[in-house]
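This is what each chain is made of:
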Amino acid sequence: MSYFNIILLITCLCLGIRAISDTGKLFEPLKDLLGKVLPMWLWMPVIGCVACMSSFWGTIVFWTIEFHIDNIINSLTIVKWIGCCFSAAFFNEMGWTVLMVLRELVNVLMKK
């Protein structure tokens, strides 16, 4: 799988998890429960922070793809893994910001 496809997959997964755990959504209670049970350093990358989520979920996605689909491990794999996680963090934050701006715009337009 290509580098950019992995980043896109990580970003879609993280944004999806964040969207369904947002206020008033299906997994909001789970997010709140994990926020009380898990230490902050673990809660943030699992479900609490959309940019931080790329480190946890990106690692799972990346190594699953590398071991089970591509079955290719070489000297650049670690660099590729770190690059995917950092790149996905950027796109996660950008994507979530765009979604929040669109949500506010819809709310403003619905009030008129």
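Residues take numbers from 1 onward in each chain, read along the sequence in its written order. It should be noted that, the model being predicted, local features are given only for residues of pLDDT at least 70 and side-chain atom pairs only at 80 or more, the latter also being counted only at that level, while totals for whole chains, interfaces and linings use all residues. Based on all heavy atoms of the structure, the side-chain values leave hydrogens and waters out of the count.

Participant: Is there a simple way to think about the state of the cysteines in this case?
Facilitator: Disulfide: a covalent bond connecting the sulfur atoms of a pair of cysteines. Cysteine sulfurs are considered disulfide-paired once they come within 2.5 Å of each other. Scanning the entire structure with this criterion turns up zero disulfides. Looking at the unpaired Cys85, the closest cysteine sulfur is the one in Cys84, lying at 6.9 Å.

Participant: Looking at this structure, how should I read the side chain of Asn92?
Facilitator: By secondary structure assignment, the location of Asn92 is in helix α5 (residues 77-111). Here Asn92 falls in the buried class, since its relative accessible area comes to 0%. Throughout this description, a polar contact denotes any pair of N or O atoms lying within 3.5 Å of each other; where both atoms belong to protein, one of them has to be capable of donating a hydrogen while the other can accept it, and for residues adjacent in sequence the pair is counted only when both atoms sit in side chains. A polar side-chain atom of Asn92 sits 3.4 Å from a polar atom in the side chain of Thr11. Helical segments are the DSSP runs of H or I of at least four residues, strand segments are the runs of E of at least two, and each set is numbered from the N terminus. For the exposure calls, accessible area comes from a 1.4 Å probe over protein chains only, and a residue counts as buried if that area is under 20% of its type's maximum, exposed if over 50%, partly exposed in between.

Participant: So what exactly am I meant to see when it comes to the packing of aromatic side chains here?
Facilitator: Two measures describe an aromatic ring pair: the distance that separates the ring centres and the angle between the ring planes. Only Phe, Tyr and Trp rings are paired, with Trp represented by its six-membered ring, and only when their centres lie within 6.5 Å; those with planes under 30 degrees apart are stacked, over 60 edge-to-face, the remainder tilted. The full count for this structure, using the stated rule, is six aromatic pairs. In this structure an aromatic cluster arises from ring pairing among Phe62, Trp63, Phe67 and Trp81.

Participant: Got a minute to help me understand the nonpolar core in this structure?
Facilitator: When a protein is soluble and globular, its nonpolar side chains tend to lie buried together. As used here, the term nonpolar core means buried Ala, Val, Leu, Ile, Met, Phe, Trp, Tyr and Cys residues forming a set that is joined through side-chain atoms within 4.5 Å. Counting 15 residues, the largest nonpolar core has Ile6, Ile10, Ile47, Phe62 and Cys84 as its most contacted members. Those elements giving two or more residues to this core turn out to be α1 (3-20), α3 (40-48), α4 (53-70) and α5. Contact partners of Ile47, with chain neighbours within four places excluded, come to Ile17, Arg18, Ser21, Lys31, Leu34 and Met53. In what follows, residue pairs with any heavy atoms lying within 4.5 Å of each other are defined as contacts.

Participant: Please explain the pattern of salt bridges as it appears in this structure.
Facilitator: Side chains that carry opposite charge are capable of pairing whenever their charged atoms lie near each other. The salt bridge criterion pairs a side-chain nitrogen of Lys or Arg with a carboxyl oxygen of Asp or Glu, the two atoms within 4 Å. In total, this model carries three salt bridges according to the counting rule given. Of the charged contacts, one joins Arg103 and Asp22 as a salt bridge, the two residues approaching to 2.6 Å between their closest N and O atoms. Here the residue Arg103 occupies a position in helix α5, and Asp22 occupies one in the loop between α1 and α2 (28-37), the gap between them amounting to 81 residues. It is possible to trace a salt-bridge network through shared partners that takes in Arg18, Asp22 and Arg103.

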